[in-house]
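In case you want the letters, here they are:
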Amino acid sequence: MSCKKIGQTLFFEKEINITSTSSFAGKKEGEGPLSKYFDFVSDDDMFGESTWEKAESKFVKLAFEKAVEKDGSKLSDLDYIVCGDLLNQCSGTVFGTRDMNVPYFGVYGACSTFGESITLGSILIECGCGKKILAGTSSHFCSAEKQFRFPLALGNQRPLSSTWTVTGSGAVILTENGKGPKIECITTGKIIDMGITDASNMGAAMAGAAVDTIVSHFKDTGRDLQYYDVVATGDLGYVGRDILIKYLEESGYKCGENLTDCGIEIFDREKQDTHSGGSGCACSAITYCGYFHKKLLDGDIKRLLIVPTGAMMSSTSGKQGESIPSIAYAISIERQ
Amino acid sequence: MDTSKKAKEEYSKIVDELTPKSKILKDVFRSFVSGGLICVFGQFLKEFFLNGGFEKEEAALLVNMVFIGIAALLTGIGLYSKLGKFCGGGTIVPITGFANSMVSSSIEAKAEGWILGIGAAMFSIAGPVIVYGITSSMVVGFIYYFVK
């Protein structure tokens with residue numbers, strides 16, 4: 001591998017480009033402010049299937065196939081698929097890709113999976129292990145609630161700090177020497193646990209990891225927030241974003257309007273009653289694949305730092321009183 | 001990120017400051033009024049059944065049956081969660097909340113089949129209420145037996 005590593009940050013020698021993206025969104029996401037940027041919006045969260053899990057896998061299948069189709073290639077052109085999701089044993093993406101007949105890496109980074117998939121996909125290309133790789137992820141509000149929280153029809157109240165898991169699937173095609181925005185460098189996060197135990201305040205649990213990765217990225221690269229046109233965290237929501245700003249400013253990094261969060265961008269908080277914002281693997285994935293990618297192509301954004309964040313607890317660890325370990329991956333993407 | 005004990009305590013304080021709090025007065029008021037209205041409706045039903053010639057115990061059982069039926073129906077058509085969002089404790093504490101917890105768990109488990117799905121999941125939320133309800137009634141029963 002010829003890439004340069006400074007601290008936690010990898011600078012790629014090879015030209016690794018995002019040559020296509022696809023974003024499939026659920027009904028609620030389709031009613032949000034980013035609706036027109038998605039490739040497809042389903043008007044039914046069951047997506048014509050008999051279970052939410054099957055619906056999620058169908059989202060994966062169609063979104064991944066669409067990314068390949070938009071790239072002008074075939075599934076057989078892919079060297080690897082790197083993907084994961086929130087469900088146990090990553091079954092959402094496993095079942096979605098089982099008929100694709102492409103070498104597969106299943107990864108789990110909770111809601112940061114999009115970042116982890118792109119990171120590992122880029123490293124595979126840099127190492128010369130492949131020239132075309134699909135990195136993708138999915139999440140589904142209903143299947144995630146079923147696994148991690150309460151039944152949907154239960155008459156309880158959601159706390160104001162809670163976030164809304166995004167339904168959808170997003171994928172990027174990474175190509176060596178392709179045409180499209182370039183993966184310039186990636187800062188891999190460490191597991192950070194700030195002792196938060198409240199599973200309905202994921203933004204607070206993940207903000208510490210976002211601070212750690214972003215500060216490490218700035219130290220390794222000698223950059224600051226102003227270097228980028230947009231710095232977008234994955235799914236900290238309003239609560240996590242406020243914590244992030246407080247800590248970044250304390251660390252000496254001035255935060256401006258270019259700092260945002262995919263969970264804030266994807267929903268209209270007031271009209272859609274999503275409390276602290278959106279979350280889930282698909283939150284950063286479809287926000288990038290639909291919205292930011294188009295902004296990069298159009299030239300509205302030239303340098304983007306996208307920082308998918310993940311809360312790495314399990315439904316068992318929470319019951320056993322464990323706090324929530326979190327992670328964040330920072331990916332610098334530049335318009336070519 | 002400093003993850004020392006002191007830094008975590010400081011972080012926790014900042015999280016508390018920046019996390020929006022529930023509006024307790026509004027929530028309590030809504031719970032009180034909605035829970036109260038459910039009880040008034042229950043009393044109305046009880047009087048109705050008593051006037052219809054039922055014994056006191058039979059009338060109480062019928063009230064429960066009507067409440068459970070209504071809660072199950074509203075859960076099934078997706079209205080109970082909306083009601084619960086507005087009423088909070090007002091629709092959780094009465095027997096309607098118990099019915100809602102069983103029906104909502106069952107609906108989600110339907111895909112896993114009748115035995116390992118619905119049969120196993122039906123009491124996933126209601127189970128602890130039954131276990132500790134019976135346990136505490138036994139404790140109170142013992143005390144009552146010896147103190148009487």
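It should be emphasised that the depicted structure is a prediction, and the values quoted were computed from it without experimental measurement.

K.L.:
Go over helix H1 (residues 5-18) of chain B with me, naming the residues and quoting the values.
P.N.:
The terminal C-alpha atoms of H1(B) lie 20 Å apart, and with 14 residues this matches the ideal 20 Å at 1.5 Å per residue to within 8%. Contact partners of the buried residues in H1(B): helix H6 (202-221) and helix H7 (237-250) of chain A.

K.L.:
Lay out the pattern of salt bridges with the relevant residues and their values.
P.N.:
Counting across every chain of the model gives 18 salt bridges over all chains. Its salt-bridge partner being Glu176(A), residue Lys131(A) comes within 3.5 Å of it at the nearest N-O pair. Of this pair, Lys131(A) sits in the loop between helix H4 (113-126) and strand S7 (132-139) while Glu176(A) is found in strand S9 (residues 168-176), placing the two residues 45 residues apart along the sequence. Taking the shortest distance from any N to any O, the salt bridge between Asp273(A) and Lys85(B) comes out at 3.1 Å. Highlighted residues: Asp273(A) in the loop between helix H9 (269-272) and strand S13 (278-279) and Lys85(B) in helix H4 (residues 80-87), drawn from two different chains. For Lys85(B), a relative accessible area of 37% gives the class partly exposed. Salt bridges sharing common partners tie together Glu53(A), Lys146(A) and Glu112(B).

K.L.:
Would you mind going over the domain arrangement of chain A in detail, with residue names and values included?
P.N.:
Residue and element names in this part refer to chain A. For chain A, the assigned domains are domain 1 (4-176) and domain 2 (183-334). On a C-alpha basis, the centroid separation for the pair domain 1 and domain 2 is 17 Å. At the interface, 58 residues of domain 1 touch 58 residues of domain 2. Roughly 4600 Å² of surface becomes buried between domain 1 and domain 2 when both sides are summed, with 65% attributable to carbon and sulfur atoms. Looking at the side of domain 1 facing domain 2, the largest losses of area belong to Gln-8, Tyr-37 and Cys-111, adding up to 15% of the total buried there. One can count 0 salt bridges joining domain 1 with domain 2. Inspection of the region where domain 1 meets domain 2 yields 22 residue pairs in polar contact (both at pLDDT 80 or more). Taken together, the elements giving at least two residues each to the side of domain 1 that touches domain 2 come down to strand S2 (9-11), strand S3 (16-25), helix H1 (27-30), H4, S7, helix H5 (141-148), strand S8 (164-165) and S9.

Each value, and the rule that gives it
- Residues numbered from 1 in each chain as written.
- Chains lettered and ligands numbered in written order.
- Predicted model: local features only at pLDDT ≥ 70, side-chain atom pairs only at ≥ 80, totals over all residues.
- Heavy atoms only, no water.
- Helix = DSSP H or I, 4+ residues; strand = E, 2+ residues; numbered from the N terminus.
- Expected span 1.5 Å × (residues − 1).
- Contact = heavy atoms within 4.5 Å.
- Salt bridge = Lys/Arg side-chain N within 4 Å of Asp/Glu carboxyl O.
- Buried < 20%, exposed > 50% of the residue type's maximum accessible area, 1.4 Å probe, protein only.
- Domains from an automatic or database assignment.
- Buried area = accessible area lost by both parts, 1.4 Å probe.
- Polar contact = N/O pair within 3.5 Å; in protein donor to acceptor, adjacent residues only side chain to side chain.

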